[in-house]
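Fold and geometry: a report
As a plain string of letters, each chain reads:
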Amino acid sequence: MKILDRYILTAFLKTFFSVFIILMFIFVLQAVWLYISELAGKDLDAGLVLKFLWLYSPKIIPLVLPLSILVTSLMVFGNFSEKYEFAAMKSTGISLQRAMRSLILFIGLLSFVAFLFANNVIPYSEYKWQNLRRNIKQFSPSMVIAEGQFSQIGDDFNIKVEEKSGDNDEFLHDVIIHQKTEEKRSGNHRVIVAEKGELTSEEGSNTLSLILSNGFHYNEVQFKDFKKQQRLPFTKTHFDEYTINIDLTEMNKQDIDKDNNYSNHNMFKASELRVEIDSMETSYTKETITVSENLYYRSGLSKFGATAPKKGVNDTLQFSSIVEPFGPRKQAQIASLALTNARGTLQTVAGKRNAFAKKLRTLNKHKIALHEKYALAVACIILFFVGAPLGAIIRKGGMGLPMVVAILLFLTYHFIGIFAKNSAEDSTISPFIGTWISTVIMLPLSIWLTIRATTDQGIFDIDSFTQRFTRLFKKKEDK
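So, how was this worked out
Residues numbered from 1 in each chain as written. Predicted model: local features only at pLDDT ≥ 70, side-chain atom pairs only at ≥ 80, totals over all residues. Heavy atoms only, no water. UniProt positions renumbered as here; feature names shortened; annotations may be inferred. Helix = DSSP H or I, 4+ residues; strand = E, 2+ residues; numbered from the N terminus. Pairing = 2+ DSSP bridges. Core = buried A, V, L, I, M, F, W, Y, C linked by side-chain atoms within 4.5 Å. Buried < 20%, exposed > 50% of the residue type's maximum accessible area, 1.4 Å probe, protein only. Contact = heavy atoms within 4.5 Å. Phe/Tyr/Trp six-rings, centres within 6.5 Å; stacked < 30°, edge-to-face > 60°. Lys NZ or Arg CZ within 6 Å of the ring centre and 35° of its normal. Patch = residues over 30% accessible without salt bridge, like charges linked within 9 Å, V, L, I, M, F, W, Y side chains within 5 Å. Areas by Shrake-Rupley, 256 points an atom, 1.4 Å probe, with all protein chains shown as cover. Salt bridge = Lys/Arg side-chain N within 4 Å of Asp/Glu carboxyl O. Lys, Arg positive; Asp, Glu negative; His and termini not counted. Charge placed at Lys NZ, Arg CZ, Asp CG, Glu CD. pLDDT = per-residue confidence, 0-100. Polar contact = N/O pair within 3.5 Å; in protein donor to acceptor, adjacent residues only side chain to side chain.

Quick look at the UniProt feature "transmembrane region" (unreviewed entry) in the chain now. As recorded in UniProt, the feature "transmembrane region" (unreviewed entry) lies at residues 12-36, 56-78, 99-118, 374-394, 401-420 and 432-451. Across residues 12-36 one finds 96% helix and 0% strand; the C-alpha atoms that close the span lie 36 Å apart. Taken as a whole, residues 432-451 contains 100% helix and 0% strand, while its terminal C-alpha atoms sit 29 Å from one another.

This is the structure we're talking about:
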């Protein structure tokens, strides 16, 4: 490696690692504020909190790495231009492309490493982080109970409270409990409502006692007779004090490193995503065909079309309506039956439409996750060719103007990507387009800036622009 290549690469690496560490620290602090409610008040040691942040940090690499490359290239090449180092290089016949050669090789290697990181490390860390996040929630049941929403305690209780008080949030106000029945029927068939509640537990005990005061116990009654069940019978019992004992054996056995059966699109490698996408597309296609065939069969058109006689040229219709042969009463019954069938079909279509929309959204997320792994590597290369020539053009180094320009460019790139991905999830646009559109938009900008920097032109040639107006006015005066 020549001295010039070593000098440029060393200057770039020093700035790159400094910028990368600073940005990682900023984004990790954002994660702390985002998940502070899940970490605070549970007597977690510092090592466990650091482990939580360590497993979370790979998720932000796709944001930090392209931004670091953009900022570093702007700062380094702007610093070279500001100190006339590029001018000295050009005076000896060294072009901008020749000066960028060592960095191009480094960015190419870094892009390949970024793809491997996104394909292997990020899915693994996402799996571990999601499991750790769930396990932490089991440490303190009182912390799991959130105000104003239903929270699950154990396997049989969903509890909602309007307000919590006390040193350990053990006093509850306006309590609503949905308790599963022994028959494990779907729905809320046993409801407990109380004005106040208190969580108590002896030290070392596996039982959590919830003492409720001044409330009612509602229990739905089941009858085999359909007519009686249509009346929705239930029993209502008032109590002054009622104690519920919740078994916390499984919670107390909770292992912070336990692996739960979590699975989502962020936890798969590229090869696994292709298999998942293929199976989901096959399942989606089969289900749509099955639903359409069932709806067509329920309409009765298949049977009618198979037995309907062919009408000749000279044949005339015997009835103006297919219900004309029937009496008025039968016609009303036929119309009512047809209307009921049509309404049932519309309800079925509406329900299936929502189900298909959810499945299609999940499928689109898997496709986006697959393309994002490749888009990250390409974005690193393109943003380098945006930042390096732009830094050489603006001729300003340091943390001032280059940082402002880099942040504006990156925010434009990032927000275009966010809006496009949201549209891709809703099937408004293709997942391929939604993932790559922000990178593709930056591609012509990188080419244009590289050409302008190579030919020693500014971003806007003001002199040439004003000369055109001057020539235009002179022509008018001559005429």
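This paragraph deals with the pairing of strand S2 (residues 157-165). Pairing geometry for strand S1 (residues 151-153) and S2, over three bridges, is antiparallel. Of the residues in S2, the one forming a bridge with isoleucine 153 is phenylalanine 157. For S2 and strand S3 (residues 171-179), the ladder comprises eight bridges, and the chain directions are antiparallel. Counterpart to valine 161 in the pairing with S3 is valine 175. With antiparallel pairing between neighbouring strands as the criterion, S2 and S3 make up a hairpin whose turn holds five residues, including glycine 166 at a positive phi of roughly 100°.

Let us now look at the nonpolar core. Within the largest apolar cluster, 65 residues are counted, with the highest numbers of intra-cluster contacts made by Phe12, Leu65, Ile69, Phe77, Phe86 and Phe384. Counting residues per element, this core draws most heavily on helix H4 (residues 61-82), at twelve residues. With residues near it in sequence (within four places) discarded, isoleucine 69 still touches Phe16, Ile107, Leu110, Cys380 and Phe384. In this structure, Val161, Ile177, Leu208 and Leu210 belong to the second largest nonpolar core, which totals 17 residues.

Moving on, we get to the packing of aromatic side chains. Remark: the centre distance and the inter-plane angle together describe each pair of aromatic rings, the angle taken between the planes. Applying the stated criterion to the full structure yields 19 aromatic pairs. Every member of this aromatic cluster is reached through a ring pair, and the members are Tyr7, Phe12, Phe16, Phe17, Phe20, Phe77, Phe80, Phe106, Phe384 and Phe385. When the ring centre of phenylalanine 216 is taken as reference, the NZ or CZ atom of lysine 236 above it lies at 4.6 Å.

Our focus in this paragraph is a negative patch on the surface. On the surface, a cluster of negative charge is contributed by Glu147, Glu162, Glu163, Asp174 and Glu195. Tracing the sequence through the fold places glutamate 195 in strand S4 (residues 190-200).

Here the focus is the pattern of salt bridges. Following the criterion strictly, the structure yields six salt bridges and no others. Between arginine 361 and glutamate 425 there is a salt bridge, with the nearest N and O atoms lying 3.2 Å from each other. Of this pair, arginine 361 sits in helix H13 (residues 328-394) while glutamate 425 sits in helix H14 (residues 401-425), and the two are 64 residues apart along the sequence. A relative accessible area of 32% means that arginine 361 is categorised as partly exposed. Judged by its relative accessible area of 18%, glutamate 425 falls in the buried class.

Pairing of S3 with S4 involves seven bridges; the strand directions are antiparallel. Its bridge partner lying in S4, isoleucine 177 is registered against isoleucine 192.

Next up on the list: unusual backbone geometry. Glycine aside, residues mostly have negative phi angles, and peptide bonds mostly take the trans form. One non-glycine residue, aspartate 174, adopts positive backbone phi at about 55°. Structurally, the position occupied by aspartate 174 is in strand S3. By relative accessible area, aspartate 174 is classed as partly exposed at 45%. Even without being glycine, asparagine 214 reaches a positive phi, approximately 50°.

Right, let's talk about the confidence of the model for the chain for a bit. Per-residue confidence for the chain averages 77 on the pLDDT scale, and 75% of its residues sit at or above 70. Across residues 252-256, confidence stays below pLDDT 50; counting only partners more than four residues off in sequence or on other chains, it has ten contacts. Of the regions scoring below 50 in pLDDT, residues 304-309 engages in zero contacts with residues more than four places distant in sequence or in other chains.

This next bit is on the side chain of glutamate 425. Within polar-contact distance, the side chain of glutamate 425 engages the side chain of arginine 361 at 3.2 Å. Sequence-distant contacts of glutamate 425, defined by excluding residues within four places in its chain, comprise Arg361, Asn364, Lys365 and Ile368.

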